[in-house]
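# Examination of the molecular architecture
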Amino acid sequence: MEGLVSFKAVPPVSRMPKFSCLRSTSSSSLDLRRGGNSFSFGSSSISSSSSSFSIRAQEMDSKDGSATVTPVSESEPEPDPVKITEWEVGMFRDEVAKSQGIRIRRRPPTGPPLHYVGPFEFRLQNEGNTPRNILEEIIWNKDVEVAQLKERKPLGSLKKALDNVAPPRDFVGALKEAYSRTGLPGLIAEVKKASPSRGVIKENFDPVEIAQAYEKGGAACLSVLADRKYFQGSYENIEAIRNAGVKCPLLCKEFIIEAWQIYYARSKGADAILLIAAVLPDLDIKYMVKICKMLGLATLVEVHDEREMDRVLGIEGIELIGINNRNLETFEVDTSVTKRLLEGKRGELIRERDIIVVGESGLFTPEDIAYVQAAGVKAVLVGESIVKQDDPGKGIAQLFGQDISI
C-alpha cells in the first residue's frame, strides 16, 4: 500500500499547473528485438495504465513512507515519448522474466522515474519502487550505472579498443588441465575485497598482489569482482592484474544485464563472463552467450535452484554451469544445494554434454571440497576463505588439504 502524500511548502505558482496525458505507442503490437530474435506482444498485453497520467517518481531519501513534492521549472521539456517506450519495453521484459520464474525485477515497475507531468516533482516510496531484496537493489543500481557508463563509453569505441587487447586465454581449458593434473576441482580464486553480507573481508587489499599469490598457490583461473558499490571492486582491477603479467585466465565477476558490459570487460582483459540466471531471461542468456563466443570468451552461467538449472540446460552451447550455494535474495548458504541439483537426470545430462560444474559459496575446508566433488563438481569458485588469509597461497593449501601448486 502506498504511503500518504505530504507536501513541502513551495513558492506560489503564477499559473495553474499544466498536465499532459501520455499514451502508449499507437501500434497494436510491440516487438522486443535482441540479436535477431524477437518477442511480439499483442495489444491485449499492454496495460491500460500506459495511457494514464505519468508522474515523475523517484526513490525518497527519507524513511517515513511519505512523499515530497517540489516545483520544477516551467521551461522543463515535456517527457520524451522514446524514453517512455524504453521503460515500457523494460516492463515487458520483466513480464517475460516472471513467466520463467525470475523474481528479480530489472527496474522499479511503478513508472519511469525520470519523467513528470506539470510543475511538480513527486518523490514516492512504495512497494513498486522499493527493492524487495539485496539482489534486486544491486540490479536496479546497476541499471542506472550502466546507462551512465554507456554515455561516456559508447559501444563503438569499445569495439575499436578490442583491437589493442591481447587474445583471450582458455578459461575452460585451464580448469580441465587443473582437474587432470591434481585430481581435485580446478580452483577459480576470487580477488574480492568486500561483500554485502560480510562487509570488508580484506583490509589491506592489493588486487595484483593477491592475484600473484593465487597463481603461485595453484589457482587455475581467477575471478575478479567488478562491482564497485557493493563489493568495492572495479574493471580497473581486471586490467591491472592482466597488465601485471598474471597468466591465469580472468573471470569478470559482475552483475551483467546488458551486452555492453561484456564488451567493456573484454576491453579490460577479461577471458570469461558471469551470467546469473536469477536475473537474466533465457533470451538474454542465449544472446550474451553468442556474443561471448564471438569474442572468444567463456561463459559461466550461475544457477541457484532446479528451475534455473533446467532453464540453462535447455540452452545450447553451455560449457560452464556454476551452482551457487548462496541464495542471492536472502544470502543464506546451503552446500547441499549443489548435490541436489546434480542428482538424477540433470546430472546425467551434464555428464553427457561434458559440462563443467563449478561449486560456489560456503566452501571453507577440505571436507567441503570433497563433498561438492563427490556430487559431480569439477571446479570451485572460492573467495572469502582464502583471500582473508595473510598468505592467500597458503590459504589455498589449507582449503584443499594439500599443496596444489605446480
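A quick note: this is a predicted structure, and the numbers were derived from the prediction, not measured.

## Topic: the nonpolar core
Ranked by internal contacts, the top residues of the largest apolar core, which has 105 residues, are Leu-187, Tyr-214 and Leu-222. The residues touching Leu-187, leaving out its near neighbours within four places in the chain, are Ala-219, Ala-220, Cys-221, Val-380, Val-382, Ile-386, Ile-396, Leu-399 and Phe-400.

## A word on the side chain of Glu-360
Here Glu-360 shows up in strand E13 (residues 356-360). Although Glu-360 lies buried, it forms no salt bridge, and the closest oppositely charged side chain, Lys-253, sits 5.4 Å away as judged by the N-O distance. In contact with Glu-360, not counting residues within four places along its chain, are Leu-300, Glu-302, Gly-322, Ile-323, Asn-324, Asn-325 and Leu-381.

## Focus on helix H12 (residues 366-375)
Restricting attention to buried positions, one finds in H12 the residues Ile-369, Val-372 and Ala-375. Along the axis of H12, the buried positions cluster into a sector of 125°, meaning they face one direction only. For H12, the exposed residues lying more than 90 degrees away from the buried face are Glu-367 and Ala-374. Buried residues belonging to H12 abut helix H10 (336-341), strand E14 (379-382) and helix H14 (392-400). Count one or two residues on from H12 and you reach Gly-376, which has phi positive near 125°.

## Remarks on the packing of helix H7 (residues 259-267) against helix H8 (residues 282-295)
Contact geometry of H7 with H8 gives a least axis separation of 10 Å together with a crossing angle of 25°. Taken together, the axes of H7 and H8 lie roughly parallel to each other. For H7 against H8, the interelement crossing comes out right-handed. On H8, the residues that touch Ala-259, Ile-262, Tyr-263 and Arg-266 of H7 are Tyr-287, Met-288, Ile-291, Cys-292, Met-294 and Leu-295. Classifying every residue of the contact of H7 with H8 gives 9 nonpolar, no polar and 1 charged.

## What about empty space enclosed by the protein?
If you roll a probe as big as a water molecule over the atoms, it shows you where there is empty space left. Summed over all chains, the structure comprises 6 cavities of 30 Å³ or more. By volume, the largest cavity is sized at about 400 Å³. Along its surface, the largest cavity is lined by 28 residues, and Glu-190, Lys-192, Lys-253, Arg-326 and Ser-361 are the ones closest to its centre. Among the elements of the structure, helix H2 (134-152), strand E10 (272-276), E14 and helix H13 (384-387) are those that each provide at least two residues to the lining of the largest cavity. Considering only residue class, the lining of the largest cavity consists of 13 nonpolar, 7 polar and 8 charged.

## Brief notes about the sheet that holds strand E8 (residues 221-225)
Reading around the circumference, E5-E8-E9-E10-E11-E12-E13-E14 is the order of the 8 strands in this closed barrel, with parallel pairing throughout. Along the sheet, successive strands turn relative to each other by an average axial angle of 25°, direction set aside. By the bridge criterion, 4 bridges tie E8 to strand E9 (residues 250-253) in an arrangement that is parallel. Considered in E9, the bridge of Leu-222 is made with Leu-250. The strands touched by H8 are E10 and strand E11 (298-303); relative to E10, the strand with the most contacts, the crossing angle is about 180°.

The rules behind the values
Position labels on residues start from 1 in each chain and follow its written sequence. Since the coordinates come from a predicted model, pLDDT governs what is reported: local features require at least 70, and pairs of side-chain atoms require 80 or more to be given and counted, while whole-chain, interface and lining totals use all residues. For the side-chain quantities, the full set of heavy atoms in the structure was used; hydrogens and water were omitted. The term nonpolar core refers to a set of buried residues drawn from Ala, Val, Leu, Ile, Met, Phe, Trp, Tyr and Cys, joined through side-chain atoms within 4.5 Å. When a residue's accessible area, from a 1.4 Å probe over protein chains only, is under 20% of the maximum for its type it is buried; when over 50% it is exposed; and in between it is partly exposed. Residue contacts are counted whenever heavy atoms from the two residues lie within 4.5 Å of one another. Secondary structure counts use DSSP, requiring at least four H or I residues in a row for a helix and at least two E residues in a row for a strand, with both numbered from the N terminus. For the charge count, each Lys or Arg is scored as positive and each Asp or Glu as negative, with His and the chain ends excluded. When a carboxyl oxygen of Asp or Glu lies within 4 Å of a side-chain nitrogen of Lys or Arg, that pair is called a salt bridge. By arc we mean the arc of the directions from the helix axis to the C-beta atoms, nothing more. Fitted lines through C-alpha atoms serve as axes, helices being fitted only where they are in contact, and the angles separating the N-to-C directions of these axes extend from 0 to 180 degrees. Roughly parallel means an angle under 35 degrees; roughly antiparallel, over 145; roughly perpendicular, 65 to 115; everything else is oblique. Crossings are classed by handedness, with left-handed meaning an anticlockwise turn of the near helix from the far one by less than a right angle and right-handed meaning a clockwise turn. Under the grouping applied here, Gly and all other residues not named as nonpolar or charged are polar, the nonpolar ones being Ala, Val, Leu, Ile, Met, Phe, Trp, Tyr, Cys and Pro and the charged ones Asp, Glu, Lys and Arg. Any residue with an atom within 4 Å of a point lines the site, the site being either a cavity, points on a 1 Å grid over the protein atoms alone where a 1.4 Å probe fits but cannot get out, or a pocket, an open set with protein on both sides within 12 Å along at least 5 of 7 lines. Grid points are joined across faces, edges and corners, and a volume is the space filled by probe spheres set on the points. Two strands pair under a simple rule: DSSP has to find at least two bridges between them.

So far we have only geometry, and geometry alone does not tell us how the molecule works.
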